[in-house]
Amino acid sequence: MIITKLTYGYNTSMNDKFKKRLKEEIKLSGMTTQELADKIGVSNPMVTQYYTTDKLPSLATFEKLCRALDVSADYLLGLTDKPD
């Protein structure tokens, strides 16, 4: 899993960017966290944990997040500043 990889040689900067960008993109999407949770198949508290704790989504959920928010994986991970 790509997200699990972040826990090996833990990259705090990348994790911080992920949390910040996820929270921003949820707000920009106009969706509530509950609507996003329903769309990606996780609980509302789980979505909130992704940007407030060190809890990271599985690869499958990460892909669904990117699709639901219409952003690239590289953008959410902080590898590029271009959302698409």
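Residues numbered from 1 in each chain as written. Predicted model: local features only at pLDDT ≥ 70, side-chain atom pairs only at ≥ 80, totals over all residues. Heavy atoms only, no water.

Trainee: Please explain the nonpolar core as it appears in this structure.
Mentor: Ranked by size, the top nonpolar core spans 21 residues in total, and within it Phe18, Leu22, Ile26, Leu36, Val47, Leu65 and Leu69 carry the most contacts. For this core, the secondary-structure elements that each account for two or more residues are helix H2 (12–29), helix H3 (33–40), helix H4 (44–52), helix H5 (59–69) and helix H6 (73–76). Sorting elements by how many residues they give to this core places H5 first, with five residues. Each residue touching Val47, except ones within four places of it in the same chain, is listed here: Ile26, Thr33, Leu36, Ala37, Ile40 and Val42. (Core = buried A, V, L, I, M, F, W, Y, C linked by side-chain atoms within 4.5 Å. Buried < 20%, exposed > 50% of the residue type's maximum accessible area, 1.4 Å probe, protein only. Helix = DSSP H or I, 4+ residues; strand = E, 2+ residues; numbered from the N terminus. Contact = heavy atoms within 4.5 Å.)

Trainee: How should the pattern of salt bridges be read in this particular structure?
Mentor: Opposite charge on two side chains lets them pair, provided their charged atoms get close. Using the criterion set out here, one finds three salt bridges in the structure. Here Lys19 ties to Asp54 by a salt bridge, and the two come within 3.6 Å at their closest N and O atoms. Within this pair, whereas Lys19 is found in helix H2, its partner Asp54 is found in the loop between H4 and H5, the two being separated by 35 residues in sequence. Assessed through its relative accessible area of 16%, Lys19 is described here as buried. Across the pair Arg21 and Asp81 runs a salt bridge whose closest N-O atoms are separated by 2.6 Å. Placement of the pair is Arg21 in helix H2 and Asp81 in the segment after H6, with a sequence separation of 60 residues. Residue class for Arg21 comes out buried when judged on its relative accessible area of 10%. (Salt bridge = Lys/Arg side-chain N within 4 Å of Asp/Glu carboxyl O.)

Trainee: Teacher, can you tell me more about H4 here?
Mentor: Given 3.6 residues per turn, any residue in an α-helix points the same way as the ones three and four places further on. Those residues of H4 that fall on the buried side of the exposure criterion are Val47, Tyr50 and Tyr51. For H4, the angular spread of the buried residues around the axis is 85°, confining them to a single face. In this fold, the buried residues of H4 make contact with H2, H3 and H5. (Arc of directions from axis to C-beta.)

Trainee: What's the story with the environment of Tyr51 in this structure? I'm lost.
Mentor: Positionally, Tyr51 belongs in helix H4. Taking the C-alpha atoms as reference points, Tyr51 and Arg21, separated by 30 residues in sequence, lie 8.6 Å from one another. Leaving out residues up to four positions away in the same chain, Tyr51 has contacts with Lys19, Leu22, Lys23, Ile26 and Thr33.

Trainee: Hey, could you run me through the packing of H3 against H4 in this one?
Mentor: How two helices pack is summed up by the angle between their axes together with the distance between the axes. Between H3 and H4, the least distance of the axes is 8 Å, while the angle of their chain directions is 105°. The orientation of H3 relative to H4 falls into the category roughly perpendicular. Contact residues: Thr33, Gln34, Leu36, Ala37 and Ile40 in H3; Asn44, Val47, Thr48 and Tyr51 in H4. Residues of the contact of H3 with H4, tallied by class, amount to five nonpolar, four polar and no charged. (Axes fitted to C-alpha atoms, helices over the stretch in contact; angles between N-to-C directions. Parallel < 35°, antiparallel > 145°, perpendicular 65-115°, else oblique. Nonpolar A, V, L, I, M, F, W, Y, C, P; charged D, E, K, R; others polar.)

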